[in-house]
Amino acid sequence: MRQFEPWQIAEVPGPKKALLIPKPDVAAALLKRSRRPLMIVGSEAVEELAADEPVLEYLIQISTAGGIPMAATMGAAGRLIGRGVKLAGYMPAMEIAERLRDGSWRGFDGEGPYDLAVFVGLPYYMGWLILSGLKHFAKGLITMSLDRFYQPHATWSLPNIPRDEWRKTVKALAEALEEG
């Protein structure tokens, strides 16, 4: 049975919790429906190895297939650039969150605010705080957590799932976006 409780159990998220992403097709549909998505990749995504397959490759596939600009935190930017990924931008995670919260920010490309922010690879506690701030102060922004631990402050989140299942879910999401 999938867990629908925060991985960090001592924290109380309040009455409004993230909706579960029950299967990768749901996340793919949300990403396709978004007009201006942004993927924020943290350092744990570049360090994560699951079944000898780096999840980072699937995240790059998701970004490419879904036409989702990728921004990175400072701990992830070097590895992504080294793999030939053209980043929309890179800066500390808290700075990205602050800009997402600011309704007058025109985005990394100056085209306007983002309507969907996908977070993956941030330390759990940092993702918790960032998503909490965005839930309360970023008007109109939908957030999605693709980490393997449930993030109750996101609008949409994967449940707490084992590492192998998480790898398969992220891979299936990449494949769903590639299929169109």
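Values in this document were obtained by computation on a predicted structure and should not be read as measured data.

A look at the overall build of the chain
Logical step 1: When its secondary structure is counted, the chain shows 7 helices and 9 strands.
Logical step 2: Here the chain has a C-alpha radius of gyration of 15 Å; the compact-globule value for 180 residues is 16 Å, and the two agree.
Logical step 3: Structurally, the chain occupies a C-alpha span of about 45 × 35 × 30 Å along its principal axes.
Logical step 4: Residue pairs in contact within the chain that sit at least 24 positions apart in sequence constitute 66% of those at least 6 positions apart.
Logical step 5: Taking the 21 positively charged and 21 negatively charged side chains of the chain as two groups, their mean positions are separated by 5 Å.

Re the nonpolar core
Logical step 1: Formed by 37 residues in total, the largest nonpolar core has its most connected members in Leu-59, Ile-62, Leu-80 and Met-144.
Logical step 2: Sequence-distant contacts of Ile-62, that is, excluding residues within four places in its chain, are made with Leu-31, Met-39, Gly-67, Ile-68, Val-170, Leu-173, Ala-174 and Leu-177.

Section: a nonpolar patch on the surface
Logical step 1: A cluster of nonpolar side chains, contributed by Met-74, Ile-81 and Tyr-90, occupies part of the molecular surface with about 320 Å² of accessible area.
Logical step 2: By the secondary structure assignment, Met-74 is in helix α4 (residues 74-82).
Logical step 3: You can call Met-74 partly exposed: its relative accessible area is 49%.

Focus: the sheet that holds strand β5 (residues 70-72)
Logical step 1: Pairing is parallel in the open sheet, where 7 strands are placed in the order β1-β9-β8-β7-β2-β5-β6. The sheet is open, and its two borders are formed by β1 (19-20) and β6 (89-90), each paired with just one other strand.
Logical step 2: Pairing analysis gives 2 bridges linking strand β8 (residues 142-145) to strand β9 (residues 156-157), with the strands arranged parallel. Bridge assignment links Ser-145 to a residue of β9, and that residue is Ser-157.

Things to note about the packing of helix α1 (residues 24-33) against helix α7 (residues 163-179)
Logical step 1: α7 packs onto α1 with a crossing angle of 45° between their chain directions and a minimal axis gap of 9 Å. Classified by the angle their axes make, α1 and α7 are oblique. Classified by chirality, the crossing of α7 by α1 is right-handed. Residues Pro-24, Asp-25, Ala-27, Ala-28, Leu-31 and Lys-32 of α1 lie in contact with α7, whose contacting residues are Thr-169, Ala-172, Leu-173, Ala-176 and Leu-177.
Logical step 2: Residues belonging to the contact of α1 with α7 are distributed by class as follows: 8 nonpolar, 1 polar and 2 charged.

Quick word on α1
Logical step 1: Buried residues of α1: Pro-24, Ala-27, Ala-28, Leu-30 and Leu-31, and no others. Buried residues of α1, viewed axially, fall in a sector of 160°; they line one side.
Logical step 2: Buried residues belonging to α1 abut α3 (55-66), β7 (116-120), β8, β9 and α7.

Details of the side chain of Thr-169
Logical step 1: On the secondary structure map, Thr-169 appears in helix α7.
Logical step 2: Side-chain polar atoms of Thr-169 contact the backbone oxygen of Glu-165, separated by 2.8 Å.
Logical step 3: Contacts of Thr-169, omitting those with residues within four sequence positions, involve Pro-24, Leu-158 and Ile-161.

Quick notes on the side chain of Ser-63
Logical step 1: For Ser-63, the position within the fold is in helix α3.
Logical step 2: Classification of Ser-63 by relative accessible area gives buried; the value is 12%.
Logical step 3: The residues contacting Ser-63, other than those within four sequence positions of it, are Met-39, Ile-68, Pro-69 and Met-70.

So, how was this worked out
- Sequence positions are assigned chain by chain, starting from 1 and proceeding in written order.
- The model is predicted, so local features are restricted to residues of pLDDT at least 70 and side-chain atom pairs to those at 80 or more, both for listing and for counting; the totals for chains, interfaces and linings are taken over all residues.
- Water and hydrogen atoms play no part in the side-chain values, which are based on all heavy atoms of the structure.
- Think of it this way: any DSSP run of H or I at least four residues long counts as a helix, any run of E at least two long counts as a strand, and we number them from the N terminus.
- Computation of the radius of gyration draws on C-alpha atoms, with the globule rule given as 2.2 Å multiplied by the number of residues to the power 0.38.
- Here a residue-residue contact requires only that any non-hydrogen atoms of the pair lie within 4.5 Å.
- The sign given to each residue is positive for Lys and Arg and negative for Asp and Glu; His and the chain ends receive no count.
- For this purpose, a charge sits on NZ of Lys, CZ of Arg, CG of Asp or CD of Glu.
- What is meant by a nonpolar core is a set of buried Ala, Val, Leu, Ile, Met, Phe, Trp, Tyr and Cys residues, joined one to another through side-chain atoms within 4.5 Å.
- Three exposure classes are used, based on accessible area relative to the maximum for each residue type with a 1.4 Å probe and protein chains only: buried under 20%, partly exposed in between, and exposed over 50%.
- Two joining distances apply to patches: 9 Å for like charges and 5 Å for nonpolar side chains (Val, Leu, Ile, Met, Phe, Trp, Tyr), and every residue must have over 30% relative accessible area and no salt bridge.
- Note that accessible areas follow from Shrake-Rupley with a 1.4 Å probe, and for residues the cover is restricted to the protein chains shown.
- Whenever a carboxyl oxygen of Asp or Glu lies within 4 Å of a side-chain nitrogen of Lys or Arg, that contact is scored as a salt bridge.
- Paired strands, in this sense, are two strands between which DSSP finds at least two bridges.
- Every axis corresponds to a line fitted to the C-alpha atoms, with the helix fit spanning only the stretch in contact, and the corresponding angles, defined between N-to-C directions, vary from 0 to 180 degrees.
- Angle categories: roughly parallel below 35 degrees, roughly antiparallel above 145, roughly perpendicular from 65 to 115, and oblique for all the rest.
- Note on convention: near helix rotated counterclockwise from far helix by under a right angle means a left-handed crossing. Clockwise means right-handed.
- Under the grouping applied here, Gly and all other residues not named as nonpolar or charged are polar, the nonpolar ones being Ala, Val, Leu, Ile, Met, Phe, Trp, Tyr, Cys and Pro and the charged ones Asp, Glu, Lys and Arg.
- The arc in question is formed by the directions pointing from the helix axis toward the C-beta atoms.
- Identification of polar contacts relies on pairs of N or O atoms within 3.5 Å, with a donor-acceptor requirement for protein atoms, meaning one able to donate a hydrogen and the other able to accept it, and with residues adjacent in sequence counted only if both atoms are side-chain atoms.

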